[in-house]
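# Examining the three-dimensional arrangement
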Amino acid sequence: MTSKRVLSGIQPTSNSFHLGNYLGALKQWVELQEGHDAFYCIVDLHALTGEIEPKLLRERTLASAAQLIAIGISPEKSTLFVQSHVPQHNQLGWVMECIAGFGEASRMVQFKDKSSKAGADSARVGLFTYPMLQAADILLYQAHFVPVGEDQRQHIELTRDLATRFNTKFGETFRVPEGRILKAGAKIYDLQDPTSKMSKSSESNTGVLEIMDAPEVNIKKIKSAATDAGREVIFDEKEKPGISNLLTIHSSLSGRSITEIENEFAGKGYGDFKAEVAEVVVEYLRPIRDHALELLKDEAHLLTLLHRGGEKAQKTAASTLDMTYKNLGLVQ
Ligand code: TYM
């Protein structure tokens, strides 16, 4: 039996991924390389829907590749590539735009959030059509599973709807994919505002733990994380969102259960707990950051790996696109 397909993507919109990206999605990417045929994509075309800064985009795309390899994505085991290297993404994206309804696209929460932040007049058309390009990313590879964080649930649902609609009308063409959203870690919150998700686009980054930040910076951020009322270290998302978030982070990185950590800190205060969380985070990230910095010294090597991944991705993508065009009646 051939192994099941996995596809996921991440935007190169920051110099560093944050711990939310890692715990919600990237940690799963690494695990799913084993026993699966995994395709992982740096979605640079999606990044064009925000502010476009050419020099930064280039740097961030390379930094993304370095970080992905540093966390354990192996270019030998998985197909690691850059979206713009595989033109079939745009080609199938257009088909998806012609299948999707204006109404359903208008209901996408990420679009509503981002366009309201940008203001109706400055939000771009690409931001609106973004989820159809994402559907194309997934469907091109006939993926069984899509490991993502909670905030992508609606986009995966849309992808499933589009695939089913297409198959019903034009004949079996796409596998209908399933999202892989973890129970713990699917939504990591901002340390300063533990009711909002940790995000690359948040206004201040004092609540965002970045993989590429120096250890001292992350220690400071954790020690100054917003403190809840009371002084007991207990998981209670409603009454203690800040402490619960730190417990999730600790547990996901240390592999220890939340109950075990609560017991360890029974009778101790938030200060001791935060100091330990800081140590767990910093020691976990240290080798990843060092490895990524090392990889970034050899840009040519990173580009070779990405081009190789792109060529491999293109073979699968081309075969799905051919079948799609044929089923649509486009003359081949
Ligand atoms: P992006 O680049 O915003 O985020 C990458 C991944 O990180 C997850 N994530 C989080 N998980 C837990 N807690 C958080 N605070 C947190 N913040 C981000 C996201 O859910 C995501 O899995 N639209 C996608 C990129 C994309 C894509 C795809 C994903 C384009 N094409 C195809 C899957 C398949 C996005 O903006 O992710």
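Keep in mind that this is a model prediction, so the values were computed, not measured.

Reading the values: rules and limits
- Residues numbered from 1 in each chain as written.
- Predicted model: local features only at pLDDT ≥ 70, side-chain atom pairs only at ≥ 80, totals over all residues.
- Heavy atoms only, no water.
- Buried < 20%, exposed > 50% of the residue type's maximum accessible area, 1.4 Å probe, protein only.
- Helix = DSSP H or I, 4+ residues; strand = E, 2+ residues; numbered from the N terminus.
- Pairing = 2+ DSSP bridges.
- Right-handed = clockwise from strand over helix to strand, strands pointing away.
- Domains from an automatic or database assignment.
- Contact = heavy atoms within 4.5 Å.
- Buried area = accessible area lost by both parts, 1.4 Å probe.
- Salt bridge = Lys/Arg side-chain N within 4 Å of Asp/Glu carboxyl O.
- Polar contact = N/O pair within 3.5 Å; in protein donor to acceptor, adjacent residues only side chain to side chain.

## Focus on the pairing of strand β2 (residues 36–42)
Of all seven residues in β2, five are buried, a share of seventy percent or more. Sheet topology places strand β1 (residues 4–10) next to β2; seven bridges connect them, and they run parallel. The residue bridging Gly-9 from the neighbouring strand is Cys-41, located in β2. Of the crossover connections in this fold, the one passing from β1 over helix α1 (residues 19–32) to the parallel β2 is right-handed. In terms of strand pairing, β2 meets strand β3 (residues 79–82) through four bridges, oriented parallel. By the bridge assignment for β3, Ile-42 is matched with Val-82.

## Considering the domain arrangement of the protein chain
Once the domains are mapped, the protein chain shows domain 1 (5–186 + 299–328) and domain 2 (205–292). A C-alpha centroid distance of 30 Å is found between domain 1 and domain 2. On the domain 2 side, the residues contacting the 15 residues of domain 1 number 15 residues. For the pairing of domain 1 and domain 2, the buried interface totals around 1,200 Å² over both sides, and the portion due to carbon and sulfur atoms is 73%. Our count for the contact surface shared by domain 1 and domain 2 stands at zero salt bridges. At the junction of domain 1 with domain 2, the criterion picks out six residue pairs in polar contact (both at pLDDT 80 or more).

## Remarks on unusual backbone geometry
Positive phi, normally seen in glycine, also occurs at Gln-142, with a value near 50°. Here Gln-142 shows up in the loop between α7 (125–139) and β4 (145–147). A relative accessible area of 14% places Gln-142 in the buried class.

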